[in-house]
Amino acid sequence: MTPADLSAVLRACVAAAVEEGDFPGTVPDEIVVERPKNPDHGDYATNVALRLAKPAGRPAREVAEAIAARLREADGIAKVDVAGPGFLNITLAAATLGAAARDIVVAGERYGRSDLLVGQRINLEFVSANPTGPVHLGGTRWAAVGDALARVLQACGASVTREYYFNDHGEQIDKFARSLLAAALHEPAPEGGYGGSYIAETAATVVAAHPEVLHLPRSEAQELFRREGVTLMFDEVKQSLHDFGVDFDVYFHENSLHESGAVAKAVQTLKESGRLYFAENAWWLRTTDFGDDKDRVVVKSDGVPAYIAGDLAYLRDKRARDFDLCIFLLGADHHGYIARLKAAAAAFGDDPDTVEVLIGQLVNLVKDGVPVRMSKRAGTVLTMEDLVGAVGVDAARYSLERSPIDSTLDIDLDLLVKRSNDNPVYYVQYAHARTGNAKRNAADVGIGLDVFAPELLTSPYEAALLTVLGDFPRVVATAAELRAPHRVARFLEDLAGTYHRWYDNCRIIPVGDGEITDVNRTRAWLNEATRVVLANGLQLLGVSAPERM
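What counts, and where the lines are drawn
Residues numbered from 1 in each chain as written. Predicted model: local features only at pLDDT ≥ 70, side-chain atom pairs only at ≥ 80, totals over all residues. Heavy atoms only, no water. Helix = DSSP H or I, 4+ residues; strand = E, 2+ residues; numbered from the N terminus. Buried < 20%, exposed > 50% of the residue type's maximum accessible area, 1.4 Å probe, protein only. Contact = heavy atoms within 4.5 Å. Areas by Shrake-Rupley, 256 points an atom, 1.4 Å probe, with all protein chains shown as cover. Lys, Arg positive; Asp, Glu negative; His and termini not counted. Charge placed at Lys NZ, Arg CZ, Asp CG, Glu CD. Expected span 1.5 Å × (residues − 1). Bend = angle between axes of the 7 residues up to and from the residue. Polar contact = N/O pair within 3.5 Å; in protein donor to acceptor, adjacent residues only side chain to side chain. Axes fitted to C-alpha atoms, helices over the stretch in contact; angles between N-to-C directions. Parallel < 35°, antiparallel > 145°, perpendicular 65-115°, else oblique. Left-handed = near helix turned anticlockwise from the far one by under 90°. Nonpolar A, V, L, I, M, F, W, Y, C, P; charged D, E, K, R; others polar. Pairing = 2+ DSSP bridges. Patch = residues over 30% accessible without salt bridge, like charges linked within 9 Å, V, L, I, M, F, W, Y side chains within 5 Å. Salt bridge = Lys/Arg side-chain N within 4 Å of Asp/Glu carboxyl O. Core = buried A, V, L, I, M, F, W, Y, C linked by side-chain atoms within 4.5 Å.

Q: Can you walk me through the overall build of the protein chain in this structure?
A: Looking only at helices and strands, one finds 19 helices and 14 strands in the protein chain. Relative to its 549 residues, the protein chain shows a buried fraction of 52%. Contacts in the protein chain between residues far apart in sequence, at least 24 positions, make up 71% of those at least 6 positions apart. With the model as given, the accessible surface of the protein chain reaches about 24200 Å², and the carbon-plus-sulfur share is 49%. Positive and negative side-chain charges of the protein chain, numbering 57 and 77 respectively, have mean locations separated by a distance of 2 Å.

So, in structure tokens, the structure goes:
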């Protein structure tokens, strides 16, 4: 029985108690069942009686006792205690709890997946860095978290399109082109431009392919550097992301919105609908209606569209592609975009809730206890390749995914290269490798998955492991609903620790010449169930599940 199953049993008991007059009230839409922190308090606990007490006009303990009496009659429940002001602590029968092991093994790769979001078409945009340099550390975090979020949403049945918005239009691109030209001519980088070895290398590549560029008028040379330099950087970005295990379904070029006239059409549509207002010789969008600190200029006084005009056209394009929800994963300097994008959706007559903006915070690297500094413009860029080269793809991805994206993240490079339990990714991967080793060793002495007697799994270590395994579907669903893939990583760390304690206390293979019993054979199922869940969880994070370490 999983938390979902137990929640359904509880709901039926509450409904029956309400219907038969044990207490008046309304059956809650959702009944929360959780693992208690203290294993002595049972396998699961719920506070449903406390929620029902006030509307029922009864003490919470009386309500709890009425529900407990019905639960004690339910199949598969061994014990129900009422604790404190009215908490229900529930212990399942060993056979009921143990049956989850076989269910997990039979489900295999499907375990943890659900139909929670079936029918939803989601556009998930992430990374979307300017093509003015390699993917920096912040972009690397969005790549890891964005891809993990896409996997979690897909595990819950959503149709997800991964999209990269390529910012190849505007002032930053002009500065990039001028920086390349300056490097090719051995001139200082222009004010506000870009420096560093990657600029010199990109400029040299362009010159090698187009030696005539050095003899063109400056404006023509700059345009060639812009075109070729952007292409080179874009190819590098895509390759870096692919090597990081992140591939996009759509690469959308910002410049295409301007060249196709989509920006002009979007602005004209909003003018005609009265969604823009004219003031101070400019056209404005009323973003303050959605929490912005001030309204935003869409068309400047010189008639040139502001940056937000491109956002308007881009959002309109997404909605025209029939996405039910557009999720934007943006960097820490984009807080203002929440109100702007919701205002843009409303301006076109859409529900603002069709737009969801997630803001990620910065990443700090620490080496030898000292922060590592970076600056794209100064050329001291810490890139995706730098991080992967230092710790590997698995450790890089896992370390970036295991914390909430709205919190600043410090990454200790020294820790991530350690092959010890202090390193979270090693700890989880080692647990998976240990399940594989246990399976191979068991097979060597003739223990397979031929006997399953869940009623024999009576150890408290077995109950603890089975309870954690049963939580996986709920964790995945919660991670999808809250856009929080870090919950999967933290779950895996909990599972790894619980498994290691079980492995050290409940032997699959008897000691010495001990007889192999049905307990040993059933424990092989529990070991395999753990392997399945660890593998499924790591897959959601885009991290490998090694068979040996």
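Q: Before we go on, may I ask you to explain helix α17 (residues 460-481) in this structure?
A: It helps to recall that an α-helix has 3.6 residues per turn; residues three or four apart then point in one direction. Helix length check: α17 (22 residues) gives 32 Å between terminal C-alpha atoms against 32 Å at 1.5 Å per residue, within 8%. Along α17, the helix axis deviates most sharply at phenylalanine 472, where the bend reaches about 35 degrees; the proline proline 473 sits within four residues downstream. Sitting at the head of α17, serine 459 places a side-chain oxygen 3.0 Å from the backbone nitrogen of tyrosine 461.

Q: I would appreciate a short explanation of the packing of helix α13 (residues 384-391) against helix α14 (residues 393-401) in the present structure.
A: Remark: α13 packs on α14, axes separated minimally by 7 Å, with the N-to-C direction vectors making an angle of 115 degrees. Overall, the two elements α13 and α14 adopt an arrangement that is roughly perpendicular. Where α13 approaches α14, its residues Leu387, Val388 and Val391 are matched on the opposing element by Val393, Ala395, Ala396 and Leu400.

Q: Could you clarify how one ought to interpret the packing of helix α7 (residues 197-209) against helix α8 (residues 218-243) in this entry?
A: Pairs of packed helices are described in terms of their axes, by the angle between the two and the distance that separates them. Where α7 meets α8, the axes come as close as 10 Å, and the angle between the chain directions of the two elements is 115 degrees. By the angle class used here, α7 and α8 are roughly perpendicular. Along this stretch, α7 crosses α8, giving a crossing that reads as right-handed. Contact residues: α7 offers Tyr198, Thr202, Ala203, Thr205, Val206 and Val207, while α8 offers Leu224, Phe225, Glu228, Gly229, Leu232 and Met233. The residue inventory of the contact of α7 with α8, partitioned by class, reads eight nonpolar, three polar and one charged.

Q: Before we go on, may I ask you to explain the sheet that holds strand β9 (residues 296-299) in this structure?
A: Within a sheet, each strand pairs with its neighbour through backbone hydrogen bonds, oriented either parallel or antiparallel. The sheet built from three strands is open, its strands ordered β7-β8-β9 with antiparallel pairing. At either margin of the open sheet sits one strand with a lone partner, and together these are β7 (276-279) and β9. Mean inter-strand twist for the sheet, computed between neighbouring axes without regard to direction, equals 45 degrees. Sheet topology places strand β8 (residues 282-285) next to β9; three bridges connect them, and they run antiparallel. By the bridge assignment for β9, tryptophan 284 is matched with valine 297. Against the sheet, helix α10 (residues 262-273) touches β7, β8 and β9, its axis set at about 85 degrees to β7. On the sheet, helix α11 (residues 307-320) packs against β8 and β9 and is oriented at approximately 75 degrees with respect to β9.

Q: Would you explain a negative patch on the surface in this entry?
A: Taken together, Glu201, Glu236, Asp243, Glu385 and Asp386 make up a surface patch of like negative charges. Within the secondary structure, aspartate 243 is located in helix α8.

Q: Any chance you could explain α14 here in plain terms?
A: With respect to burial, α14 is a largely interior element, seven of its nine residues being buried. Those residues of α14 not exposed but buried are Ala395, Ala396, Arg397, Tyr398, Ser399, Leu400 and Glu401.

Q: In this structure, what is going on with the nonpolar core? I would like to understand it.
A: One recurring pattern in soluble globular proteins is that nonpolar side chains are buried together. Formed by 137 residues in total, the largest nonpolar core has its most connected members in Phe23, Ile67, Leu71, Leu88, Leu153, Phe225 and Leu241. Per-element tally for this core: the top contributor is helix α5 (residues 137-155), with eleven residues. Counting residues in each nonpolar core, the second largest holds 31 residues, with Val263, Ala306, Leu341 and Val357 among its members.

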